[in-house]
Amino acid sequence: MIKNKSLKKFPHDHLLGIEGLSPPDLNYLLDLSDYFAMHLDKKNTEKFKYLKNKICINLFFENSTRTRTSFELAGKKLGADMLNISVASSAIKKGETLIDTAMTLNAMQPDVLVVRHQDAGAVKLLSEKVNCGVINAGDGPHEHPTQALLDALTIKKRKGKISGLKIAICGDIMHSRVARSNIHLLNTLGAEIRVIGPATLIPKNIESLGVKVFYEMKSGLANVDIIIMLRLQLERMSGSFVPSIREYFRFYGLDREKLKFADANALILHPGPMNRGVEIDSELADDLDRSAIFEQVQMGVAVRMACLKTIVENKAKNGK
Ligand code: NCD
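Before going into details, it helps to say that this report is about the structure given with it. (Residues numbered from 1 in each chain as written. Predicted model: local features only at pLDDT ≥ 70, side-chain atom pairs only at ≥ 80, totals over all residues. Heavy atoms only, no water.)

**So, helix H3 (residues 98-107)**
Along an α-helix, residues three or four apart share an orientation, since each turn contains 3.6 residues. Short version of the rule: When accessible area is computed with a 1.4 Å probe and restricted to protein chains, residues below 20% of their type maximum are described as buried, those above 50% as exposed, and intermediate ones as partly exposed. By definition, any uninterrupted DSSP run of H or I lasting at least four residues is a helix, any uninterrupted run of E lasting at least two residues is a strand, and each is numbered from the N terminus. By arc we mean the arc of the directions from the helix axis to the C-beta atoms, nothing more. Note on contacts: a residue pair is in contact if any heavy atoms of the two residues lie within 4.5 Å.
Along H3, the positions that sit buried rather than exposed are Leu98, Thr101, Ala102, Leu105 and Asn106. End-on, the buried residues of H3 take up no more than an arc of 135°, which puts them together on one face. Where H3 is buried, its residues contact strand E1 (55-60), strand E2 (81-86), strand E3 (112-117) and helix H4 (122-127). Count one or two residues on from H3 and you reach Gln109, which has phi positive near 55°.

Okay, here's the thing in structure tokens:
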């Protein structure tokens, strides 16, 4: 059993986004994730079968490597039966709508659906039609809550806190659900957030989310503790947002020279997949003293265990 008495109940049926979650909600999920992260070695695997006989369905309408596999691994560590629906071979290819697919899966009485979809708001819509718990694994450019939680856990583990840190999110802010979820989470927990990128890739009223905007790396990175680099999300761009990849790397790609603008102990994060030589220098990405990119992947499993356990148990309590 988990003995940490400070853990309080998470009062939500679904995890659709970070926006609207309170500091206690976030700390509940982060504390539980931290507990799993500390006990993730092989000898503990039998201990965590909280979701035995529960059914978890991964429904991914967009490509994914780390998010889908880490939900799958997390569910298996908790003893759940994990099903993966690959859209490429599903009835969606025959013209079935999102809602019809969801209702069909719902009829199989899963305990939780983990959904990734290319449209903002699609996962929320789906959650209104089914009677199981729903976790958003990324909806268009809108939110990616488990990515923000795993980034926060990685930061907490390396820096010991989130409150008061200066954090820069750099690159394609416009098309990034990772940026949006991180802004909500890190702001709620008291960090100071900057976004850095070319004007074409920064949404117009982003300041209203409580961030400072910088259009160049030198001033943007000054004294920051954490640098979150983002991929150019070419699949979401209609038209040309950057003059050329070479120019982009020159001005916004993170390399050793630009890293000098940040605090001497600044830590680099990237949600993956990385485009080496586009937003980040390849050799710097592999420097384990400066980059926490692989730790993020490990924290991802712990965070998804915490989210699956919490949402499935809430559903069971509410007796839906
Ligand atoms: C991110 C996503 O899908 O939004 N990746 C991820 O979940 N690991 C970021 C990206 O695709 O660049």
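Still to come is the rest of the account.
**Regarding the pairing of E2**
The following threshold applies: Pairing between strands is defined by DSSP: at least two bridges between them are needed. When the strands point away from the viewer and the connection leading from the first strand across the helix to the second strand turns clockwise, the crossover is called right-handed.
The pairing of E1 with E2 spans 6 bridges and is classified as parallel. Each bridged residue has a counterpart across the sheet, and for Cys56 the counterpart in E2 is Met82. For the crossover from E1 across helix H2 (residues 66-77) to E2, the handedness is right-handed.

**What to know about the pattern of salt bridges**
Cut-off, in case you're wondering: What counts as a salt bridge is simple: a side-chain nitrogen of Lys or Arg found within 4 Å of a carboxyl oxygen of Asp or Glu.
All chains considered together, the criterion is met by 16 salt bridges. In this structure, Arg250 and Glu247 form a salt bridge, with 3.5 Å as the shortest nitrogen-oxygen distance. A residue pair is termed a helical-turn pair when its members lie 3 or 4 positions apart in one helix, as Arg250 and Glu247 do in helix H8 (residues 245-252) at 3 residues. For Arg250, a relative accessible area of 55% corresponds to the exposed category. Residue Glu247 is classed as partly exposed on the basis of its relative accessible area, which comes to 31%. For Arg276, the salt bridge goes to Asp286, with nearest N and O atoms at 3.0 Å. One end of the pair, Arg276, is in the loop between strand E9 (267-269) and helix H10 (282-285); the other, Asp286, is in the loop between H10 and helix H11 (293-318), with 10 residues separating them in the sequence.

**Section: the nonpolar core**
How we decide: What we call a nonpolar core is a set of buried Ala, Val, Leu, Ile, Met, Phe, Trp, Tyr and Cys residues that are connected through their side-chain atoms within 4.5 Å.
With 65 residues, the main nonpolar core has Leu149 and Leu308 as its most contacted residues. When residues in this core are grouped by element, the largest group, 10 residues, is from H11. Residues in contact with Leu308, not counting those within four places in the same chain, are Leu51, Cys56, Phe71, Ala74, Gly75, Leu78, Val112, Val114 and Ile135. Core analysis: the next-biggest nonpolar cluster, separate from the first, contains 25 residues, Met217, Leu221, Tyr248 and Leu259 among them.

**Here we look at the pairing of E3**
Most of E3 is tucked away, with 6 of its 6 residues classed as buried. Residues Val112, Val114 and Arg116 point to one face of E3 and Leu113, Val115 and His117 to the other, with burial holding for every one of them. Two strands pair when backbone bridges link them, and E1 and E3 are joined in this way by 5 bridges, in the parallel orientation. By the bridge assignment for E3, Leu59 is matched with Val115. Looking at chain direction, E3 and strand E4 (residues 133-139) are connected through 5 bridges and run parallel. Bridge pairing in E4 links His117 to Asp139.

**Let's talk about the sheet that holds E3**
Rules: Throughout, an axis means a line fitted to C-alpha atoms (over the contacting stretch in the case of helices), and angles, computed between N-to-C directions, take values from 0 to 180 degrees.
Taken in spatial order, the 4 strands make up an open sheet running E2-E1-E3-E4, and their pairing is parallel. For this open sheet the edge positions go to E2 and E4, each flanked by a neighbour on one side alone. Going across the sheet, the axis of each strand differs from the next one's by a mean of 15°, ignoring polarity. Across the sheet, H11 lies against E1, E3 and E4, angled at about 145° from E4, the strand it touches most.

**Points about the site of the ligand**
Here is the rule: We call a residue near a molecule or strand whenever a single non-hydrogen atom of that residue lies within 4 Å of it. Distance and chemistry together define a polar contact, namely a pair of N or O atoms within 3.5 Å, with one atom able to donate a hydrogen and the other to accept it when in protein, and with adjacent residues in sequence counting only for side-chain atoms on both sides. Per-residue accessibility takes into account occlusion by the displayed protein chains alone, with areas from the Shrake-Rupley method and a 1.4 Å probe. Gly falls in the polar group here, along with every residue not listed as nonpolar (Ala, Val, Leu, Ile, Met, Phe, Trp, Tyr, Cys, Pro) or charged (Asp, Glu, Lys, Arg).
Around the ligand sit Arg66, Thr67, Arg116, His144, Gln147, Arg177, Val178, Arg231, Gln233, Pro271, Gly272 and Pro273, and that is every residue in its neighbourhood. Thr67 places a polar side-chain atom, nitrogen or oxygen, 3.0 Å from an oxygen atom of the ligand. Pro271 is positioned with one of its backbone polar atoms (N or O) 3.1 Å from a nitrogen atom of the ligand. Considering the ligand on its own, with 310 Å² of exposed area, one finds that the protein chains cover 94% of that surface. Going through the elements one at a time, H2 and helix H6 (177-188) are the ones with two or more residues in the shell around the ligand. A breakdown of the residues in the shell around the ligand according to their chemical character gives 3 nonpolar, 5 polar and 4 charged.

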